[in-house]
Amino acid sequence: EQYTSVAQPGEVLRKQQKWTKPLLIVFVAALAGVAVLVAHDRDWKAPAVRVRGHPEFTEEDATPANPPGESATATSPPAETDLSAASEWTAMHPDPAVLKWLDTSEVKPGGTTCGFLTAPLGTMGVHVDSYPDVKVYFCIKFADTQPAPKGTVFTHCGGPGSLSACGINWGAMAGDGYNHVGMDQRGLGRSLPTFATPNCTVAGSSILDDYEDEEAVRRNLRKIKARAHTCFNDPSFQLPAKNNKSGRDYFNFLQFSGTDEVAEDLDRFRKAIGARKLSLHGISYGSAIAMAYATKFRDHVDKFLLNSPVPPTLSMFQMAWDSAHGQQLQYDNFAAACDSAGAACPLSMAPGGTGNALALVMDKIRQMNIQIPLTTDQCKAFFFCTSPTSVSAVYLANLQLGFSQAGDREGFKQVVNEVYTQYQAAASGDIVKFESMIVKSGQEYVAAFIAAVNAAARPSQPSGPQAALPFFDENPDTNSKPTEEERVAGQPDYHVLINQGQVAQTCVMSQSTFDEASNENYFMSRWKEVKSTFPNFHLGKSVKLFTSWWSMTYSWPRLTPTTSAASPTTPGIIIGYIYDPNTPYSWAQQAHASFPLTSLVTSQASKHGMTDDEIDRHCLPILTKYLQEDVQPVDGDLCQAPKPIAWS
């Protein structure tokens, strides 16, 4: 693409003075050219084309026509009107041309309501008159006092895939005095268009019984590759351009619904409510949104909190590798805690210690190909079954030993003791007893899982095995509530579609990252490298996480990566867990390097994301003091935590 050296919004070009030294002229001109090119590159998006696969597409359409009245030379996008100083717009009375709350009766101090933000598909100036509009669903819980004394805090719970209800609920951690905001980002929840379409699912299921099974991984990659192309070319994503006189000019929504666009939508929301700044709380992937916003709109950031962050540079391969490494570190930490406890942790008494005992049990399960029999109703409620009436014992072992997610240290201790008795049976060669114990343990785990789901179900939900998947077909024209994944108004099949093949993660990360794989043999060569580098006691957790991460963008037709995030002027807090099972601690260190005015708070706990639970009781006051009193902690604060299991 060609660009001319033109001013960005707010810049002033002055006539060049006649310098007496020619070398200085060259130097100044070079610097100006670099600055303009960098500024353009930061906001560049792929130009609209008539999409391949459209019935009227021709190869001439590969070169987009210029919008009427524009030359072939690109110019800077016009500056958007900044409403931050416009006192007429507030959270309770936003700019109606941009944001409309659905139920005005809920717009009151202490109330909660939601509505749609209307946003242009893209921001590139050359197509500013051609972009169609999209709808983005925002929700807000108003502070009890208006205007909110501490402003507005936006919270994103991560995923990608979390929705507005999670943002509102987790936003409560910020405390009183804030308007709490959550959103269904582009493509998700009630925002339109939606990623939840059959063409974006993976045939059958992308969940594998055993991620250490090479042939199973290869088969899955082929299904994912086929999905990538059918999803990308789905007709619902081919949006006609405005002023589309020929009827053949389209934009592909899957080029304009990544992390950058979420940050831009968030800033449109800020302007619509007349706020000068927003506070940001990003959890897990939500930190990518917070970092993208602080990079693009650093002057409009108030509080800045990254909670178990992703890295500021989104290389898909590196994230997959780091995640596998993080799983290895987490379980090494567990094994070390068990070994140091001696007889109090029976697995430590096995020859070679805890790690060898776990590996022997997992190897025996694989050799015997043990399946856990379940009823049809149990499988429907459990939704991890790999056949109508059974679940793989290998897969179930991964869930049972997922202690960091459950947060139940005593419950996990009981599981470990069961594993020791299983180890004894396997080591003694009593295969019948071993299989019986694995089946019994698995069935009890599934029953407990379903009971927990039913107990947590809302009173309006049905009881019994179907309560795990409560679908509601509520009227989207009148429903003004925050969105939960299993309850999307007007989309009763949303939960099924979005979870059948990492749909949300694939669509968002393919528009936010680079370093994809598109060749099966290359993918598998790196998979083998991970399998040998991070054996993970043969649990398969490291290779599972690597495969899940890197396959999200496998063979995606056209990546649109987000620029590396950084801001030298944004203070705040970054929270990192040394044994985080989902976002490795190294990512918190990287985020801190890219946002050097932040304070890095490190926890010794083995968990993901700070919450107001017993494990975080030492760290939570640091966060509260920052959000309520604007007191940033000392960089390098350490929150001590007990070992992963309280052995006695």
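Residues numbered from 1 in each chain as written. Predicted model: local features only at pLDDT ≥ 70, side-chain atom pairs only at ≥ 80, totals over all residues. Heavy atoms only, no water.

Caption draft 1: Spatial organisation of the pattern of salt bridges. Within the structure shown, the criterion is met by 19 salt bridges. The residue arginine 268 makes a salt bridge to aspartate 265 at a minimum N-O spacing of 2.8 Å. Of this pair, arginine 268 and aspartate 265 both sit in helix 4 (residues 259-272), 3 residues apart, which is roughly one turn of the helix. For aspartate 265, a relative accessible area of 0% translates into the label buried. In this structure, lysine 440 engages glutamate 444 in a salt bridge whose closest nitrogen and oxygen atoms are separated by 2.7 Å. (Salt bridge = Lys/Arg side-chain N within 4 Å of Asp/Glu carboxyl O. Helix = DSSP H or I, 4+ residues; strand = E, 2+ residues; numbered from the N terminus. Buried < 20%, exposed > 50% of the residue type's maximum accessible area, 1.4 Å probe, protein only.)

Caption draft 2: A look at helix 18 (residues 620-629). Where helix 18 is concerned, the buried positions are Leu620, Leu623, Tyr626 and Leu627. Here the buried residues of helix 18 occupy an arc of 130° about the axis, which is enough to place them on one side. Those residues of helix 18 hidden inside the fold are in contact with strand 9 (301-307) and strand 12 (572-577). Positive phi appears at aspartate 630, one or two residues downstream of helix 18, with a value of about 60°. (Arc of directions from axis to C-beta. Contact = heavy atoms within 4.5 Å.)

Caption draft 3: Layout of the sheet that holds strand 9. Here 10 strands make up an open sheet; going across it, the order is 1-2-3-5-4-8-9-12-13-14 and the pairing mixed. Each edge of the sheet is formed by a strand with only one pairing partner; in this case those strands are strand 1 (99-101) and strand 14 (638-639). Looking at chain direction, strand 13 (residues 598-603) and strand 14 are connected through 2 bridges and run parallel. If you follow threonine 602 over to strand 14, its bridge partner there is leucine 638. Along the sheet face, helix 2 (residues 164-171) touches strand 3 (133-141), strand 4 (152-156), strand 5 (179-184), strand 8 (278-283) and strand 9 and points at about 155° away from the line of strand 5. Strand contacts of helix 4: strand 1, strand 2 (112-120), strand 3, strand 4, strand 5 and strand 8, with the helix running at about 115° to strand 2, the strand carrying the most contacts. (Pairing = 2+ DSSP bridges. Axes fitted to C-alpha atoms, helices over the stretch in contact; angles between N-to-C directions.)

Caption draft 4: Representation of unusual backbone geometry within the structure. Geometrically, the link from glutamine 146 to proline 147 is a cis peptide bond, its omega value of -5° lying close to zero. Examined against the element boundaries, proline 147 turns out to sit in the loop between strand 3 and strand 4. The step from leucine 192 to proline 193 runs through a cis peptide bond, and the omega angle for that step is 0°. In this fold, proline 193 is placed in the loop between strand 5 and helix 3 (214-232). Despite not being glycine, glutamine 502 has its phi angle at roughly 50°, a positive value. For glutamine 502, a relative accessible area of 22% translates into the label partly exposed.

Caption draft 5: Quick look at the confidence of the model for the protein. Per-residue confidence for the protein gives a mean pLDDT of 83; residues scoring 70 or more make up 80%. The low-confidence segment residues 1-86 (pLDDT under 50) makes 97 contacts with residues lying over four places distant or belonging to another chain. Contacts of residues 458-473 to residues separated by more than four positions or lying in other chains number 33 contacts, the stretch itself having pLDDT below 50. (pLDDT = per-residue confidence, 0-100.)

Caption draft 6: Layout of the side chain of lysine 541. Inspection of the secondary structure assignment puts lysine 541 in helix 16 (residues 541-551). In this structure lysine 541 is buried but unpaired, with glutamate 212 as the nearest side chain of opposite charge at 12 Å. Polar side-chain contacts of lysine 541 include one of 3.5 Å to the side chain of tyrosine 331. (Lys, Arg positive; Asp, Glu negative; His and termini not counted. Polar contact = N/O pair within 3.5 Å; in protein donor to acceptor, adjacent residues only side chain to side chain.)

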